[in-house]
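Residue-level structure breakdown
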Amino acid sequence: MFDTATIASIVAGSSALMFATMGETINEKAGVINLSVDGSMMLAALAGFVIAFQTDIVWLGFPAAAAVGMSVALLIAFASIKLSLNQVAVGFVLFALCTQLSRFLGANYVGRRPVGVPTWEIPGLSSIPFFGPVFFDHNLVVYLSYLTVIATFLFMYRTRKGLELQGIGERPEAAHSRGIPVNKLRYFYTALGGALIGIGGAAFSLDVKLGWSDRLTRNLGWIVLAIVIFGGWHPLRAAFGVLLFGALQAYAINLVPEFPSLSQVLPSIPFPAMILALVIVNWKRLLKWLDRYPFLRAILRSDPPTAIGTRFKVN
Amino acid sequence: MSSYRLTNLVLPISVVVASAVGLLVLAGTNPWDPLQLIVEGSIGWPPFEAGKSAKVGDTVMVWVPIALASAGLIVTFNAGMWNIGIEGQIIMGAIAAAFVAREVSAPRPLLVLLTILAGAVGGLLWGLLVGVLRTAGGVNEIFGGLGLDFVAISFTTYLIIDPWARTGVASTSGTDIFPDAALIPSLSDTRLSPLAIAIALLAIGGVWILFRGTLYGLKLKAVGANLRSSFLVGIPTNRYLLGAFMICGALAGIGGTVQATGFHFKLIPAISGGYGFLAILVVLLARYQAFWVIPISFFFAMIAVGSSQLDLRLDLNSALGGVLQGVLVLSAMFGLGWAAYRAKRQLQEASGGDSG
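Residues numbered from 1 in each chain as written. Chains lettered and ligands numbered in written order. Predicted model: local features only at pLDDT ≥ 70, side-chain atom pairs only at ≥ 80, totals over all residues.

1. Looking at the overall build of chain B
Selection criterion: Secondary structure elements follow DSSP: runs of H or I of four or more residues count as helices, runs of E of two or more count as strands, with numbering from the N terminus. Each radius of gyration reported is based on C-alpha atoms, and the globular scaling rule is 2.2 Å times the count of residues to the power 0.38. Partly exposed residues are those whose C-beta has more than 12 but fewer than 20 other C-beta atoms within 10 Å; with 20 or more the residue is buried, with 12 or fewer it is exposed, and the C-beta atoms are placed from the backbone.
Across its full length, chain B holds 14 helices and zero strands. Listing every helix and strand of chain B by position from the N terminus yields α-α-α-α-α-α-α-α-α-α-α-α-α-α. Relative to the 2.2 N^0.38 estimate, which gives 21 Å for 356 residues, the radius of gyration of chain B is 22 Å and therefore close to what a compact globule would have. Principal axes of the C-alpha set define a box for chain B whose edges measure 80 × 60 × 30 Å. For chain B, buried positions account for 52% of its 356 residues.

See the structure below:
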């Protein structure tokens, strides 16, 4: 059942999750949890949709969505860093607020269709057997999602700035003592993460599922948060998680004709599967056994940034 | 944790009113009509007018599950746990109650008691599962709970379209109406059930006592304040965490029973009504204090019931109610945070100010 066309559609459909997962990985790596993803992605998807619909220029939707995602993320950073509020609490409230706001403001846009992102097969690359149709016969948004993954990985693990990013999430005191402005950078990376989450929203409403309907992106944001953990806060493994989720979803939908009475149940299989995956990557005894095999351990472990969710105050 | 002062209430309420007016003007309507309709649709206009008891009854019966879930969430929040699995716990309570209502025949008082107990057990087990995933599996309770929410929702839909399908037609509108003997007794011509109200008030009172006068509550708070230290001084932290999830699940499950046998009189796909997530907002606004849950959850129930009329009567999206609830909680949190920040700044300046 996983023929070339199916795999290609999984890759094309994963762009929204890819952007948002990279965004959340970045801000969690810096130590800030943005729990509002499910809501901020939805509001950003609406913003992108409305701008593209009103102007008839699809590309204008993306910066609009990024701005919405960034604003919500900055609210969380401000609440946490300046006002010492609980990140998770503020994030949850913003999730609820943004979700409802997208429903209220989007009510008049339900069913309208804007111009979509035009298909653009990459000359040359798209004629490679299998890899061509799977990876290079989509559109700019999908290609940018690959680039975002690669750029996030290279930045995090191959540059000095990326090392600083890891430092403020792992050992903020140590980073501070080396002259790194911890809280300033946390604002920056939270905003960057929020912008990517917003772009993920627009990728959904303008490409993956062109159009607007009530709660268009529902539950995608929660999937993003789970994939970040599954991905062990590593961009490449998170990207693998996104594709795995897409494959699982395609597989479940494929089973529906065979088990019609389970038609409502099968599409939600990826969610319990995700719990199972989290159990495995957190299984203490398994990890202990894996410690003897560093390579396997590196593949399977999922250790959060040490200072995730905590505040940093200069004394 | 400090309580509200008057100034801390003025800000959120004025922000809510301002954003409501702003949004409604943006939507091109006169702001007064929808706000009046929310009050009228929930408790009547003028409020609590004689002869409108059916409306008030509906609002109170929406209040009951929100209040029960909020009471449960106070326990898990005090234990330091984010029980986002609360939706699933309400749903599993409703399913367990529906099972008893459909399959057991007994005299009414006994059957009603059995449905309530079944609801409590259903919610308790679902809550326990979140707790076990967290304590034994290392799965953060937010994701374990969320995943189990999805499982519970799918399970409900599956039951409704297949094994418990309505006689004749299978549709997603719900199961057959439960037999009369299984319904929670209510006052004539309304849904208002004194029994349900009493259970909700008892739950809130119980939670209040738990954290005011019992060693168990004190230890739960210790676990929530610092898991590691509590473990080091000899508190069996895992057992306390599981206990918190079980208490919360049981209360949420009773809320689910009330939804099934006291409001819809059948099992429907959206049986939780989203009241679990709403209860999280209530508890955040109540700052984890049991007493405040009573008025705040009633206010939220009013908004939920009243705004459901907006689509029909004013052609406005009913999500307006949810927006206002969110704005209220967010501005209250920011208001309190800002006040605390200012107070600390002033203290620092007064003491000559070490750098900050």
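2. Some thoughts on the interface of chain A and chain B
Using the following cut-off: In this description, a residue-residue contact is defined by the distance between C-beta atoms placed from the backbone, which must lie within 7 Å. Under the scheme applied here, ten amino acids are nonpolar (Ala, Val, Leu, Ile, Met, Phe, Trp, Tyr, Cys and Pro), four are charged (Asp, Glu, Lys and Arg), and all others, including Gly, are polar.
Between chain A and chain B, the contact holds 35 residues from the first and 36 residues from the second. When contributions to the side of chain A that touches chain B are tallied by element, the ones reaching two or more residues are α5 (87-106), α11 (220-230) and α13 (270-281) of chain A. By residue number, the principal contributor to the side of chain A that touches chain B is α5(A), which donates twelve residues. Residues of the side of chain A that touches chain B, tallied by class, amount to 26 nonpolar, six polar and three charged.

3. Some words on the packing of helix α3 (residues 37-55) of chain A against helix α4 (residues 61-81) of chain A
All names here are of chain A. The cut-off we apply is this: Under this scheme, a helix contributes an axis fitted over its contacting stretch, all axes are lines through C-alpha atoms, and angles between N-to-C directions fall in the 0 to 180 degree range. Under this scheme an angle from 65 to 115 degrees is roughly perpendicular, one under 35 degrees roughly parallel, and one over 145 degrees roughly antiparallel; angles in between are oblique. When the near helix sits turned anticlockwise from the far one by under a right angle, the crossing is termed left-handed; a clockwise turn instead gives a right-handed crossing.
Two elements in contact, α3 and α4, have axes whose closest approach is 7 Å; the angle formed by their N-to-C orientations is 150°. As the angle between them shows, α3 and α4 are arranged roughly antiparallel. In this structure, α3 meets α4 at a crossing whose hand is right-handed. Where α3 abuts α4, its residues Ser 40, Leu 43, Ala 44, Ala 45, Ala 47, Gly 48, Phe 49, Ile 51 and Ala 52 lie against Gly 61, Phe 62, Ala 64, Ala 65, Val 68, Gly 69 and Val 72.

4. Thoughts on the confidence of the model for chain B
So the rule is basically this: A residue's pLDDT is the confidence the predictor assigns to it, expressed on a 0 to 100 scale.
Here chain B averages 90 in pLDDT, and 95% of its residues register 70 or above. Reported confidence for the predicted complex is 0.91 by ipTM and 0.92 by pTM.

5. Section: the nonpolar core
We apply this condition: Residues of type Ala, Val, Leu, Ile, Met, Phe, Trp, Tyr and Cys that are buried and joined through C-beta atoms within 7 Å form what is called a nonpolar core.
Ranked by size, the top nonpolar core spans 220 residues in total, and within it Val93(A), Ile66(B), Val282(B) and Met333(B) carry the most contacts. With residues up to four places along the chain from it excluded, the contact list for Ile66(B) reads Tyr275(B), Leu278(B), Ala279(B), Val282(B), Ser297(B), Phe300(B) and Ala301(B).

6. Some thoughts on helix α7 (residues 140-158) of chain A
Definition in use: How far a helix is expected to stretch is found by multiplying one less than its residue total by 1.5 Å.
The first and last C-alpha atoms of α7(A) sit 26 Å apart over 19 residues, in line with the 27 Å expected at 1.5 Å per residue. Each element contacted by the buried residues of α7(A) is listed here: α1 (4-13), α2 (15-29), α8 (160-170), α10 (182-208) and α12 (235-255) of chain A.

7. Re the environment of Thr119(A)
All names here are of chain A. Relative to the helices and strands, Thr 119 is located in the loop between α5 and α6 (131-135). Owing to 11 C-beta atoms within 10 Å, Thr 119 belongs among the exposed residues under this scheme. Between the C-alpha atoms of Thr 119 and Ser 213, which are 94 residues apart in sequence, the distance is 23 Å. Apart from residues no more than four positions distant in its own chain, Thr 119 is found in contact with His 138 and Asn 139.

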